[in-house]
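Close look at the chain arrangement
Chain by chain, the residues:
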Amino acid sequence: MKVLAVETSCDDTCVSVVDENGFVDLSLRQDQDEIHSPFGGIVPERASRNHSRHLLSLLDQAFNKISIEEISLLAFTSRPGLMGSLLVGSVTTRTLSELYEKPVLGINHIEGHILSPFLWDKEYQKKWSFPYLALVVSGGHTHLFEVQSLSKYILIGKTLDDAAGEAFDKFARFVGLPYPGGVYVDKTAQKGECSFSFPVAMDRKGLDFSFSGLKTSAHLLLQKVDVKKHRESLCASFQDAVVRQIMNKLEECIHLYPDYKRVAVVGGVSANSYLRKKCTVWAEKNSIDLALPPLRYCTDNAAMIGYTAIQKYLSGNFSKDLSCSANHRAEDFIGI
C-alpha cells in the first residue's frame, strides 16, 4: 500500500511516495532559497505563489515514475504553517483525490516530524518503535513530547518565546549572513572558536525552553565588537549556547522519564552539525537509543507526512468526505 503526500507548509515544495512500512519510494523537493534570500527571510505571498509554480511540476515528475493506480491514499500538510502555502497543497491534493477517487488525509506537520524516525530508504534504515521521547526542534517549534503510540503524544516541554531555529535565523541577520540563516550560522561556526560568552537559560526548572534572552544578549554584544572580524567565533559561540540549552533539557528529560531509553531528535534544526555531534556523544554516554534521521528527513519533507497519513488511514482515522482543510494554527494538536 502506498501514499502520495504533499508538503507545502512553509517555503519548501515537497512530494513523496511512501508505503505502510515507512519505505520511501520517492522524495522530491524544490526549495525557494534564492527567491527569499534578498529579503533575509520568508515572504509569505511569494512562498505561496511559488508553491503554485513548483507543485504541479513535482507531481508530474512523480507520476512519470509511479502510476496513480499504485497509490491508495493521498495526503497533504494541513497545519501549522503559512496559510497561503498550506492552501496550495490542500486544494491541489484534494482536487487529485476527487479526480482519481482516492481517500485523502490532512496531516499536522509537527506530528510528521515526530514520526519521521520510522522513515527508511535504500541508503538509510534504523529500527524504531514506540514508546520514545521526541524533541521537535525547528524554525517555529522547540517542543518535547512523550510519544506513547500513534496519535498518543504528551507535550512535556516547549519554548516560551523564540524557537531554536528562529533564534539562529535572527542571529544570522544580526551578523550579516544570508538566508537561510541557520544553515549559514552552522557553516560559519565550523571555522570559529567559542571565544564569546552568551547566556544559557538554565535557571528555569522543568523542560521549557527560552531563547529570547540569548537573542537580546547577542544583539547587545554585537554593538560592541567588530562583527566582520569576529563573525566565525561569534557564530560558534552563539551556536554553542543554543545547543547547550537543548542538551541541558534533554539531560533533564531522561532524568524525569527514566523508563524511556529511546530519544528522537527531529525537525529542521536537527540538521545542525554541531547539535548532531553533541546528541550522538550524549546518547552514547547515557546508553540512549538515538534516532537522528538523515538530513533529507530532518528538514521539511513530504515523506514524513505520507508515513503519518498511511498509519492513520490503516487505523481508520481518515477523511471520507474531503472535509479536511488547511489551518495555520496547531491548537488541535495536543495544545501547541
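Attention here is on the structure that accompanies the text. Just so you know, these numbers come straight off a predicted model, no measurement behind them. (Residues numbered from 1 in each chain as written. Predicted model: local features only at pLDDT ≥ 70, side-chain atom pairs only at ≥ 80, totals over all residues. Heavy atoms only, no water.)

Before going further, it helps to examine the sheet that holds strand S5 (residues 104–108). With respect to topology, five strands assemble into an open sheet ordered S3-S2-S1-S4-S5, the strand pairing being mixed. Only two strands of the sheet have a single partner each, and these edge strands are strand S3 (24–30) and S5. Geometrically, the sheet is characterised by an average inter-axis angle of 20° between neighbouring strands, direction not taken into account. With six bridges joining them, strand S2 (residues 13–19) and S3 adopt antiparallel strand pairing. Of the residues in S3, the one forming a bridge with Thr 13 is Gln 30. Taken strand by strand, helix H3 (residues 83–100) contacts strand S1 (2–7), strand S4 (73–79) and S5, and its axis lies near 160° from that of S4. Against the sheet, helix H11 (residues 302–314) engages S1, S2, S3, S4 and S5, with an angle of about 130° to S1. (Pairing = 2+ DSSP bridges. Helix = DSSP H or I, 4+ residues; strand = E, 2+ residues; numbered from the N terminus. Axes fitted to C-alpha atoms, helices over the stretch in contact; angles between N-to-C directions. Contact = heavy atoms within 4.5 Å.)

Let us look at the nonpolar core. The biggest cluster of nonpolar side chains holds 47 residues, and the ones touching the most others in it are Phe 171, Phe 238, Ile 246, Leu 250 and Val 265. In terms of residue count, helix H8 (residues 227–256) provides more of this core than any other element does, 13 residues in total. Once residues within four sequence positions are removed from consideration, Leu 250 is found in contact with Leu 135, Leu 144, Val 263, Val 265, Cys 279 and Trp 282. (Core = buried A, V, L, I, M, F, W, Y, C linked by side-chain atoms within 4.5 Å. Buried < 20%, exposed > 50% of the residue type's maximum accessible area, 1.4 Å probe, protein only.)

Reading across from one edge, S8-S7-S6-S9-S10 is the order of the five strands in this open sheet, with mixed pairing throughout. Looking at the sheet topology across the chains shown, the edges are occupied by strand S8 (152–158) and strand S10 (289–291). For this sheet, the mean angle separating the axes of adjacent strands, direction not counted, is 25°. Bridge count between strand S6 (residues 132–137) and strand S7 (residues 142–149): six bridges; the pairing is antiparallel.

Our next topic: the environment of Val 225. Relative to the assigned elements, Val 225 resides in the loop between helix H7 (212–222) and H8. Among the residues examined, Val 225 registers a relative accessible area of 22% and is labelled partly exposed. As a C-alpha pair, Val 225 and Ser 138 span 87 residues in sequence and 29 Å in three-dimensional space. Once residues within four sequence positions are removed from consideration, Val 225 is found in contact with Phe 196 and Leu 234.

All right, on to the environment of Pro 131 then. Inspection of the secondary structure puts Pro 131 in the loop between helix H4 (109–115) and S6. Residues Pro 131 and Lys 261, spaced 130 residues apart in sequence, show a C-alpha to C-alpha distance of 9.0 Å. Apart from residues lying up to four places away in sequence, Pro 131 is in contact with Val 147, Gln 148, Tyr 260 and Arg 262.

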